[in-house]
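As a plain string of letters, each chain reads:
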Amino acid sequence: MKSTAAIVGTGEVPTGNYPNRTEAEAAVTACRQAILDAGLSPRDIEAVMPVGVVMGSRHFNTDLIFSRLCEELGMLRSVKLNAQVMAGGASGSATLKVAYALVASGAVRNVLVVHSDKFGSTTMQQGIDLFATLGISEEWEAPYGHNANTAVALITQRYMHETGTTEEELAAVAVSMRQWGALNPNAMFRKPITVEEVMRGDHVCTPLRPKTMSLWADGASAYIVARAEDARHITPTPVYVRGMASLVTHYSVSQEANLAFLAFPEVAKEAYAQAGLGPKDIHVAEFYDAYSVMPLLAMDAMNLCDGDRAGRFIAAGHTLPGGKLPMTTTGGAIAQGHTGAGVGVSLVVETARQLMDKAGDRQVKDAVNAAESGSGGTWMDSHISILSREAR
Amino acid sequence: MSDQPMSRPVPKPTAWSQPYWDAAREERLVIQHCNQCATKIMNPKQYCPSCLSDDLGWSESDGQGTVYSFSIQKRSPASPFVGKGPYVVAVIRLNSGVQLLSNIVGERAFDVQCGDAVRVAFEPIPGTDITLPVFTLVG
Ligand SMILES: [Zn+2]
């Protein structure tokens, strides 16, 4: 795939519990940061692509669709398109794909993608009840007490059955996330934990223990996609999109034909082919978590573990800061906090920050190529993107 | 979002799924199929997902299959299920090839493993005219 688009700027506000920070304020702040980071003026933006809001107010969701950001940030009569894209946890990968198509087609220059939501004030039971309906079939699944936790538990159990991955290895994923979270000023959990601490938590639903799951948080992040030929004039550090592969696999998780790996094997292969790169070329993996099993699927599918199982590779410490393959360097939803669809957007933002050399204490030295993954709802789609400092 | 407690989710049969729930009430498991291309369809649909035909029918299942995956919900379920646990949620692969979500019930339910053989059973939802197909371990 010829590099016809690149990320040129990013913005993000801290993730956590911010009851006095409105969703709009967070969105405007993240967008402003992204525009300034790119060195653009607001009137250079020709499309604004907000991601759907789940827990923030309906009013705010409508404001986003109805161009509030264009008015707040001085983009009136320069923006040609203000339209929402929503793919749940895959919204990072999905917005990247749509933004890519918009600039590659010549329809617009400079697309601003933004997510802002408020999950932090949700009570535990409200959140559980909401996630017993989202992506859960009312007729065929909800009557059995099924919910988002059991959906990912079904994937986790089958993945463990087929690969021999252990619960301690799943715990090691959370340990890796927390170590990265400790280096991330925007993360909610900044204290490292041990495998033993994770294993001391009783199962919520087997085989999931609380610290291998994530907690809801408020957050906002934004990034800007430009045409490749413009990107190199906009910023000295454009991050080119080299591959973007994805497949929608199911609505009801019970209908998934490959519960252990979803479509990650197919999309990994396609993303490598598009990028003209292979496993040895990937220097950092920004893989979607929400739950500890998800990055394992992507790590295995992309063959990033020196021929080993992802669980054993991670338990050996290879994805930690300073390790041979840094993974999810924000700390992911597990450490940074679960902002809903924003988990995916923040991973695209971090992928770009790493390749722009703007990742602060988390900076992976000499990272040239990065992989990013996403999966939305009850893991109903599998996305892998490959980004690079180098155009193809 | 609403602060109202959720009520127990009960299937609301549709025009195309009604035969499934009618059969379940008679303690029979039936699976939808396409009369044009023979595709077996689960979950039941308005049209055949292979050829989009509306010429669909039903066939009797022997209710035998294996556990493709499972999870034991031990705590923190959705509010209608609080106090009803622990319970087993599973994806069942029927021997005829289709998959469905269900519960594993019976005294050995918590010993379940991937690949275990199961057989259909039926549990009425009290106070409704709906009966849920569920599964028990066999052998
Ligand atoms: Zn058909």
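Up top is the structure these notes are about.
One structure accompanies this document, and this report is about it. Everything numeric here is computed off the predicted structure, so don't read it as measured data.

### Section: the overall build of chain B
Stage number 1. Along the backbone of chain B there are 1 helix and 8 strands.
Stage number 2. When the helices and strands of chain B are listed from N to C terminus, the series reads α-β-β-β-β-β-β-β-β.
Stage number 3. Dimensions along the principal axes, computed over C-alpha positions, put chain B at roughly 45 × 40 × 25 Å.
Stage number 4. Every one of the 139 residues in chain B was classed for burial, and the buried ones make up 45%.
Stage number 5. Partitioning the intrachain contacts of chain B with sequence separation of at least 6 by distance along the chain shows that 51% fall at a separation of at least 24.
Stage number 6. Entry remark: accessible area of chain B is about 6900 Å², with carbon and sulfur atoms responsible for 48%.
Stage number 7. One way to put it: in chain B the 12 positive side-chain charges average out to a point 7 Å from where the 13 negative ones average out.

### Re the pattern of salt bridges
Residue and element names in this part refer to chain A.
Stage number 1. Applying the stated criterion to the full structure yields 19 salt bridges over all chains.
Stage number 2. For the salt bridge of Glu350 with Arg353, the shortest nitrogen-to-oxygen distance reads 2.7 Å. Remark: Arg353 and Glu350 occur in helix 14 (residues 342–356); sequence separation between them is 3 residues, near one turn of the helix. Summarising the burial analysis for this pair, Glu350 and Arg353 share the class buried.

### Quick word on the sheet that holds strand 7 (residues 284–286) of chain A
All names here are of chain A.
Stage number 1. Pairing within the open sheet is mixed, and its 9 strands lie in the order 3-2-4-5-1-6-9-8-7. The open sheet has two edge strands with one neighbour each: strand 3 (81–82) and strand 7.
Stage number 2. The pairing of strand 1 (residues 5–16) with strand 5 (residues 218–227) spans 9 bridges and is classified as antiparallel. Across the sheet, residue Glu12 finds its bridge partner in strand 5, namely Ser221.
Stage number 3. Together, strand 1, strand 4 (111–118), strand 5, strand 6 (239–248), strand 7, strand 8 (369–374) and strand 9 (381–388) form the strand contacts of helix 14, whose direction differs from that of strand 1 by roughly 120°.

### With respect to the coordination of the zinc ion
All names here are of chain B.
Stage number 1. At this site the zinc ion is bound by Cys34 (SG), Cys37 (SG), Cys48 (SG) and Cys51 (SG), with donor distances of 2.3 to 2.4 Å.
Stage number 2. Site description for the zinc ion: donor spacing in sequence, C-x2-C-x10-C-x2-C.
Stage number 3. Classification of Cys48 as buried rests on a relative accessible area of 0%.
Stage number 4. Looking at Cys51, the relative accessible area reads 37%, which means it is partly exposed.

### Re unusual backbone geometry
Among all residues save glycine, negative phi is the norm, and among peptide bonds the norm is trans.
Residues and elements named next belong to chain B.
Stage number 1. A cis amide bond links Met42 to the next residue, Asn43, at an omega of 0°.
Stage number 2. Among the secondary structure elements, Asn43 is positioned in the loop between strand 2 (40–41) and strand 3 (56–60).
Stage number 3. The residue after Gly85, namely Pro86, is reached through a cis peptide bond having omega -10°.
Stage number 4. With respect to the helices and strands, the residue Pro86 is situated in the loop between strand 4 (64–73) and strand 5 (87–94).

### A short note on empty space enclosed by the protein
Stage number 1. Overall, the coordinates contain 2 cavities of 30 Å³ or more when judged by the stated rule.
Stage number 2. Counted as a void, the largest cavity has a volume near 80 Å³.
Stage number 3. When contributions to the lining of the largest cavity are tallied by element, the ones reaching two or more residues are strand 1, strand 5, helix 13 (332–335) and helix 14 of chain A.
Stage number 4. Each residue belonging to the lining of the largest cavity can be placed in one class, and the counts come to 4 nonpolar, 10 polar and 1 charged.
Stage number 5. Counted as a void, the second largest cavity has a volume near 60 Å³.
Stage number 6. If you trace the second largest cavity, you find it lined by Glu139(A), Trp140(A), Glu141(A), Tyr144(A), Ser254(A), Tyr20(B), Trp21(B), Met42(B), Asn43(B), Leu100(B) and Leu101(B).
Stage number 7. Of all elements in the fold, only helix 1 (18–25) and strand 6 (99–105) of chain B reach the threshold of two or more residues within the lining of the second largest cavity.
Stage number 8. Looking at side-chain class alone, the lining of the second largest cavity contains 7 nonpolar, 2 polar and 2 charged residues.

### Comments concerning the layout of surface pockets
Residue and element names in this part refer to chain A.
Stage number 1. Space inside the largest pocket adds up to approximately 770 Å³.
Stage number 2. Looking at the largest pocket, it is lined by 40 residues, and the ones nearest its centre are Phe131, Asn149, Trp216, Tyr291 and His338.
Stage number 3. Secondary-structure elements contributing two or more residues to the lining of the largest pocket are helix 5 (124–130) and helix 6 (148–163).
Stage number 4. Each residue belonging to the lining of the largest pocket can be placed in one class, and the counts come to 24 nonpolar, 13 polar and 3 charged.

### Let's talk about the environment of Glu169(A)
All names here are of chain A.
Stage number 1. Summarising the element assignment, Glu169 is placed in helix 7 (residues 167–181).
Stage number 2. Measuring from C-alpha to C-alpha, the distance between Glu169 and Pro210 comes to 15 Å, with 41 residues separating the pair along the chain.
Stage number 3. Filtering out sequence-adjacent residues up to four positions away, Glu169 remains in contact with Gly164, Arg309, Gly311, Arg312 and Ala315.

### Observations regarding the sheet that holds strand 7 (residues 117–124) of chain B
Residues and elements named next belong to chain B.
Stage number 1. Here we have 5 strands rolled up into a closed barrel, ordered 4-5-6-8-7, and mixed in their pairing. Pairs of neighbouring strands in the sheet enclose a mean axial angle of 45°, with direction left out of account.
Stage number 2. Sheet analysis places strand 6 next to strand 8 (residues 131–137), joined by 2 bridges and oriented parallel. Residue pairing for strand 8: Ile104 is matched across the bridge by Phe135.
Stage number 3. The sheet contacts of helix 1 involve strand 6, strand 7 and strand 8, and relative to strand 8 the element is tilted by about 60°.

### Description of helix 1 (residues 23–38) of chain A
Residues and elements named next belong to chain A.
Stage number 1. With 16 residues, helix 1 ought to run about 22 Å at 1.5 Å a step, and its terminal C-alpha atoms sit 23 Å apart, in line with that.
Stage number 2. Among the residues of helix 1, those classed as buried are Glu23, Ala24, Ala26, Ala27, Val28, Ala30, Cys31, Ala34, Ile35 and Ala38.
Stage number 3. In the core, the buried residues of helix 1 are packed alongside strand 1, helix 2 (58–65), helix 3 (68–72), strand 4, strand 5 and helix 9 (228–234).
Stage number 4. Residue Gly39 follows helix 1 closely and has a positive phi angle near 75°.

### Concerning the side chain of His146(A)
Stage number 1. Among the structural elements, His146(A) can be located in the loop between helix 5 and helix 6.
Stage number 2. With relative accessibility at 2%, the residue His146(A) sits in the buried group.
Stage number 3. A polar contact is formed between the side chain of His146(A) and the side chain of Thr150(A), at a distance of 2.8 Å.
Stage number 4. Excluding residues within four positions of it along the chain, His146(A) makes contact with Ala132(A), Ile136(A), Glu141(A), Ala151(A), Leu154(A), Val253(A), Val89(B) and Leu101(B).

What counts as what
Residues numbered from 1 in each chain as written. Chains lettered and ligands numbered in written order. Predicted model: local features only at pLDDT ≥ 70, side-chain atom pairs only at ≥ 80, totals over all residues. Heavy atoms only, no water. Helix = DSSP H or I, 4+ residues; strand = E, 2+ residues; numbered from the N terminus. Buried < 20%, exposed > 50% of the residue type's maximum accessible area, 1.4 Å probe, protein only. Contact = heavy atoms within 4.5 Å. Areas by Shrake-Rupley, 256 points an atom, 1.4 Å probe, with all protein chains shown as cover. Lys, Arg positive; Asp, Glu negative; His and termini not counted. Charge placed at Lys NZ, Arg CZ, Asp CG, Glu CD. Salt bridge = Lys/Arg side-chain N within 4 Å of Asp/Glu carboxyl O. Pairing = 2+ DSSP bridges. Axes fitted to C-alpha atoms, helices over the stretch in contact; angles between N-to-C directions. Donors = N, O, S within 2.8 Å, 3.2 Å for Na, K, Ca; no water. 1 Å grid on protein atoms, 1.4 Å probe; cavity = no way out; pocket = protein on both sides within 12 Å on 5 of 7 lines; lining within 4 Å. Points joined across faces, edges and corners; volume = space filled by probe spheres on them. Nonpolar A, V, L, I, M, F, W, Y, C, P; charged D, E, K, R; others polar. Expected span 1.5 Å × (residues − 1). Polar contact = N/O pair within 3.5 Å; in protein donor to acceptor, adjacent residues only side chain to side chain.

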